[in-house]
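# Overview (structure and organization)
One-letter residues, chain by chain:
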Amino acid sequence: MATTPKKDTPDSGVLQDKPTPDAARHGDHDRIVMASRRADGSMDQVNPEFIGDKETAKAAAREQLAVQAASAVDTAARGVTSGGDAGGGDSEPDAEVQALKDAQDKARADAEAKADAEVERLHQGLGE
């Protein structure tokens, strides 16, 4: 990253000998439209700030967390993340499969609510 060299005058240039109190208080942060996620669902950014369209950010966060939560339920319950051939037939799913689906649906709903709250808390406008 290029910086403007510090000039001899005390109020010019980009580099500072001492950071201002405002810079120290706010520190570094990431401006994001869509978060990168760790395995536990937490964001992998430094003090993130959502920018851009709020509804787009909310939709992306909801989908990320919902898919991750449903996958975690499946992995915990059965130790797999996907099934093989679905096969044919029109029988009702057995109780174990239905319980797993219900748990996934609940995990998705909880994750979507978490995503909505996260974007509401961290959204900073359209980045203008």
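Here the structure is shown first, and the text comes after it.
Read on for a plain summary of the structure. Owing to the predicted nature of the structure, the values given are computational and were not obtained by experimental measurement.

### A short note on the pattern of salt bridges
Two side chains carrying opposite charge are able to pair once their charged atoms lie near each other. Under the counting rule described, the total for this entry stands at ten salt bridges. Aspartate 44 serves as the salt-bridge partner of arginine 38, at 3.4 Å between the closest nitrogen and oxygen. Its relative accessible area of 40% is what places arginine 38 among the partly exposed residues. Assessed through its relative accessible area of 45%, aspartate 44 is described here as partly exposed. As a salt-bridge pair, lysine 54 and glutamate 120 come within 3.0 Å of each other at their nearest N and O atoms.

### Topic: helix α3 (residues 95-122)
Between the first and last C-alpha of α3 there are 40 Å, a value that for 28 residues agrees with the 40 Å anticipated at 1.5 Å per step. Among the residues making up α3, those that are buried are Leu100, Ala107, Ala111, Ala115, Asp116, Glu118, Val119 and Leu122. Among the structural elements, β2 (49-50) and α2 (54-78) are those in contact with the buried residues of α3. The N-cap residue of α3 is aspartate 94: its side-chain oxygen and the backbone nitrogen of glutamate 96 are 3.2 Å apart.

### Here we look at the nonpolar core
Counting residues in hydrophobic clusters, the biggest one holds 15 residues, and the most contacted among them are Ile32, Ala35, Met43, Phe50 and Val119. If we skip the residues at most four places from it in the chain, phenylalanine 50 touches Ile32, Val33, Ala35, Met43, Ala57, Glu118, Val119, Leu122, His123, Gln124 and Gly125.

Rules used in this analysis
Residues numbered from 1 in each chain as written. Predicted model: local features only at pLDDT ≥ 70, side-chain atom pairs only at ≥ 80, totals over all residues. Heavy atoms only, no water. Salt bridge = Lys/Arg side-chain N within 4 Å of Asp/Glu carboxyl O. Buried < 20%, exposed > 50% of the residue type's maximum accessible area, 1.4 Å probe, protein only. Helix = DSSP H or I, 4+ residues; strand = E, 2+ residues; numbered from the N terminus. Expected span 1.5 Å × (residues − 1). Contact = heavy atoms within 4.5 Å. Polar contact = N/O pair within 3.5 Å; in protein donor to acceptor, adjacent residues only side chain to side chain. Core = buried A, V, L, I, M, F, W, Y, C linked by side-chain atoms within 4.5 Å.

Limitation: the analysis is restricted to geometry and does not speak to function.
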